[in-house]
There are 2 protein chains.
Amino acid sequence: MEAKKTFFNLPEEKQKRVLETALEEFSEKGYEGASINLIVSKLGIAKGSIYQYFTDKKSLFLYIFDYAVELIRKTLKQVKYETREEPTFERIRRSLIAGVDFIERHPFIYRGYLKMMFEREAPFRQELLQRIRLFSSEYLTSLLVEGKEKGEIRKDVNLETMVFLLDAVMDRFLQAYTIPYLDSGLNLNQMKRPEIEGHVDEIVELIRKGIGK
Amino acid sequence: MEAKKTFFNLPEEKQKRVLETALEEFSEKGYEGASINLIVSKLGIAKGSIYQYFTDKKSLFLYIFDYAVELIRKTLKQVKYETREEPTFERIRRSLIAGVDFIERHPFIYRGYLKMMFEREAPFRQELLQRIRLFSSEYLTSLLVEGKEKGEIRKDVNLETMVFLLDAVMDRFLQAYTIPYLDSGLNLNQMKRPEIEGHVDEIVELIRKGIGK
DNA sequence: CTTAAAAATGACCGGGTAGTCATAAAGACC
DNA sequence: GGTCTTTATGACTACCCGGTCATTTTTAAG
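Being a predicted model, the structure only gives us computed values, none of them experimental.

(A) Representation of the interface of chain A and chain B. The interface is formed by 58 residues belonging to chain A together with 58 residues belonging to chain B. Summed over both partners, the interface of chain A with chain B buries about 5,400 Å², with 65% contributed by carbon and sulfur atoms. On the chain A side of the contact with chain B, A:Phe118, A:Phe164 and A:Ile211 bury the most area, a combined 17% of that side's loss. Between the two partners, chain A and chain B, sit 4 salt bridges. When the shortest N-O distance is used, the salt bridge between A:Asp171 and B:Arg172 registers 3.0 Å. Applying the counting rule to chain A against chain B returns 20 residue pairs in polar contact (both at pLDDT 80 or more). With 15 residues, helix 9 (residues 159–178) of chain A is the largest single contributor of residues to the side of chain A that touches chain B. Taken together, the residues of the side of chain A that touches chain B break down into 27 nonpolar, 11 polar and 20 charged.

Right under this line is the structure:
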């Protein structure tokens, strides 16, 4: 387990405050860059206190990571369930919108994920990254498999390749929404709902039909 | 100018060694994480010497950045020229292969670019990122515009949206080649040439025709 | 009220960082 | 060989880091 007993004896709201503060710090600076000193000073507690809750920086990080993964897992599961009767491309559309909503609700989690993807220093980086990527690719794979059964998806192309393309475009869409200058002139960054949905529709349509004439 | 006169008085091979060593350090650790101490010790020179060549960490970083950008610019220009008579989707295919080759030849540049995309700390990060992204999106835009004129590309869809999709997939392909666990099960990471070309062909075909039935 | 257990504290440690600067070494010119 | 300029050097400064631990404060039990 990542946290010590003392941490769980804390009032729930304080646990949450610790978690949120650390999450913000890690997601903005990355694992190495995050400062325990800054976290405790933001929390207004003594340096030693955080070491009553967690054995070290690593275990604090892993605790937060687990929390984030669980949130993502639940969200994906829910979208999958809510759209279970919808056509495949509607499900893809809804998944993208859900992604935008998730980032809106938990801005630091997605930022933290992007940070970690290109860090070498995070502890167990490879295993953790694998965990997240597996979610995403299992999710998309199941969407496409069901789509094939319903006859909405091509059967003459490698499933993995289609998952790759879908994953690439969806992830980049969310990246462009989160980070400026990543959207090739689409200006998605922090765009508001009605407009963003228009772009989602266009992208999904393009994934369906391709760019060739 | 980023470097001091003293730096340019150095023998060219030493200039190159400094540049390569610093590039490696920055691309592996990011701007904040990179250590001047480590760079000079790898180079076998005194700490003070590097400050004879560059005023500070920032200007060393900017010098390296400029070098990398120039390399990318030249490479894109060349591919564009070499494929000028080819059909659009062949040009896209060739561009992807050129990307793989570039990473093979200059492994630290692409890694550094990825690092910077998700760092907050790099100096002038936004301006620098914008510079690179603009290259890429101008390049893809011109490919697609010429493709439209030749009647190979759809005309009923927003050009920017097509550029976005193309950019997303191509960039992710190179990311997956560079970093493990980003490829949704395609196992692109460090894959050898004949196989990787097969995947490129499949991806490009999918971009052309879409995943819908 | 007393006592024992649990939690909070912050000065302190060893080690890392970017950058400085007086001094020494090397080169260039006559 | 002497003089002046350019380059190389590394000890040093001020600051930040993660983590420790003896001590104090708070809480709970009897």
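(B) Just the protein's contact with DNA strand D, in detail. The environment of DNA strand D is made up of 18 residues, and the closest members are A:Ala34, A:Ser35, A:Lys57, B:Asn9 and B:Gln52. Backbone atoms, meaning sugar and phosphate, form 55% of the atoms of DNA strand D found within 4 Å of the protein. Separating a phosphate oxygen of DNA strand D from a side-chain N or O atom of A:Asn37 is a distance of 3.1 Å. Contact between DNA strand D and A:Tyr51: a phosphate oxygen at 3.0 Å from a side-chain N or O atom of the residue. When residues of the surface near DNA strand D are traced back to their parent elements, those giving at least two are helix 3 (36–43) and helix 4 (47–53) of chain A together with helix 1 (5–9) and helix 4 (47–53) of chain B. No other element matches helix 4 of chain B, which puts 5 residues into the surface near DNA strand D. Tallied by class, the residues present in the surface near DNA strand D amount to 6 nonpolar, 8 polar and 4 charged.

(C) Quick peek at the pattern of salt bridges. For the coordinates displayed, the defined rule picks out 34 salt bridges over all chains. Across the pair A:Asp101 and A:Arg193 runs a salt bridge whose closest N-O atoms are separated by 2.7 Å. Linking A:Asp101 in helix 6 (residues 88–105) with A:Arg193 in helix 10 (residues 193–209), this pair joins segments that are 92 residues apart in sequence. Classification of A:Arg193 by relative accessible area gives partly exposed; the value is 35%. The structure contains a network of salt bridges with shared partners spanning A:Arg133, A:Asp167, A:Asp171 and B:Arg172.

Conventions and cut-offs
Residues numbered from 1 in each chain as written. Chains lettered and ligands numbered in written order. Predicted model: local features only at pLDDT ≥ 70, side-chain atom pairs only at ≥ 80, totals over all residues. Heavy atoms only, no water. Contact = heavy atoms within 4.5 Å. Buried area = accessible area lost by both parts, 1.4 Å probe. Salt bridge = Lys/Arg side-chain N within 4 Å of Asp/Glu carboxyl O. Polar contact = N/O pair within 3.5 Å; in protein donor to acceptor, adjacent residues only side chain to side chain. Helix = DSSP H or I, 4+ residues; strand = E, 2+ residues; numbered from the N terminus. Nonpolar A, V, L, I, M, F, W, Y, C, P; charged D, E, K, R; others polar. Near = heavy atom within 4 Å. Buried < 20%, exposed > 50% of the residue type's maximum accessible area, 1.4 Å probe, protein only.

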